[in-house]
Amino acid sequence: SSLVSITRSGIGSASTLLAGTSGGGVFVSNNNGVSWAPSNTGLGDHLYISSLSKLGSHLFVGTNDRGLFFSVDNGETWNPVNDGLTNPSIYCVVAKPPFLFAGSQGGVFRSSDSKIDWTIVNNGLPSGRQISAMCVSGSNLIAGTEFFGAYRSVDNGGTWNSLTKGLPQN
């Protein structure tokens, strides 16, 4: 397994790190990365973790074929949170409080409630394209697409506008 993503939990001990891997699931370190232990209870075996994020007291992992999972105990146990997701291939997860966004093969999904029910927010994005990267820049949400460049939303995913000037398109 190779390392795909890493984050600090920010929940409880300030030194808790989580790492997502390609095929090994999640690993946790409580000593700033000196040693690591697998933490996949609820995730299953040989899972590809595409991204890690946190929102409030919840940690989230996106997976390549099983959707999203959350943890409220620093990654010790994981629970699926896929209500409303129409594609289980999640490439990126990003928090922009009070919202959580997930990028998938089918576009961008948004959740804003404690139950984490997902709604697709693709107005202005190319139809059916993979959202492979997302980030927050100030009050903007930026999404990177496969073959169609970058897009920006200033209204929490309500609408998207192209930012492709100067970016390669394929």
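Read on for a plain summary of the structure. (Residues numbered from 1 in each chain as written. Predicted model: local features only at pLDDT ≥ 70, side-chain atom pairs only at ≥ 80, totals over all residues. Heavy atoms only, no water.)

1. Details of the nonpolar core
Thought 1: Counting 14 residues, the largest nonpolar core has Phe-60, Leu-68, Val-81, Leu-100 and Trp-118 as the members making the most contacts within it.
Thought 2: Those elements that place two or more of their residues in this core are β7 (68–71), β9 (90–96) and β10 (99–104).
Thought 3: Counting residues per element, this core draws most heavily on β9, at three residues.
Thought 4: Excluding residues that lie within four positions of it along the chain, Leu-100 makes contacts with Ser-53, Leu-55, Phe-60, Val-93, Val-94, Ala-95, Phe-109, Arg-110, Ser-111 and Trp-118. (Core = buried A, V, L, I, M, F, W, Y, C linked by side-chain atoms within 4.5 Å. Buried < 20%, exposed > 50% of the residue type's maximum accessible area, 1.4 Å probe, protein only. Helix = DSSP H or I, 4+ residues; strand = E, 2+ residues; numbered from the N terminus. Contact = heavy atoms within 4.5 Å.)

2. Some thoughts on the state of the cysteines
Thought 1: Per the counting criterion, the structure on display carries zero disulfides.
Thought 2: No disulfide involves Cys-92; its sulfur sits 9.7 Å from the nearest other cysteine sulfur, which is in Cys-135.
Thought 3: Take Cys-92: its relative accessible area is 6%, and that puts it in the buried class.
Thought 4: A relative accessible area of 38% places Cys-135 in the partly exposed class. (Disulfide = S-S within 2.5 Å.)

3. A word on the pairing of strand β11 (residues 107–111)
Thought 1: With four of five residues buried, β11 is to be regarded as a mostly interior element.
Thought 2: The sheet contact formed by β10 and β11 spans five bridges and is antiparallel. Looking at β11, one finds that Phe-101 is bridged to Arg-110.
Thought 3: Linkage of β10 to β11, two consecutive antiparallel strands, is achieved through a turn of two residues.
Thought 4: As judged from the two bridges shared by β11 and strand β12 (residues 119–120), these two strands associate in the antiparallel manner. (Pairing = 2+ DSSP bridges.)

4. Details of the packing of aromatic side chains
Describing an aromatic ring pair means giving the distance of the ring centres and the angle of the ring planes.
Thought 1: For the coordinates displayed, the defined rule picks out one aromatic pair.
Thought 2: Ring geometry for Phe-99 versus Phe-101: centroids 6.1 Å apart, planes at 50°, classification tilted.
Thought 3: Overall, Phe-99 belongs to the buried group, its relative accessible area being 16%.
Thought 4: Given a relative accessible area of 0%, Phe-101 falls into the buried group. (Phe/Tyr/Trp six-rings, centres within 6.5 Å; stacked < 30°, edge-to-face > 60°.)

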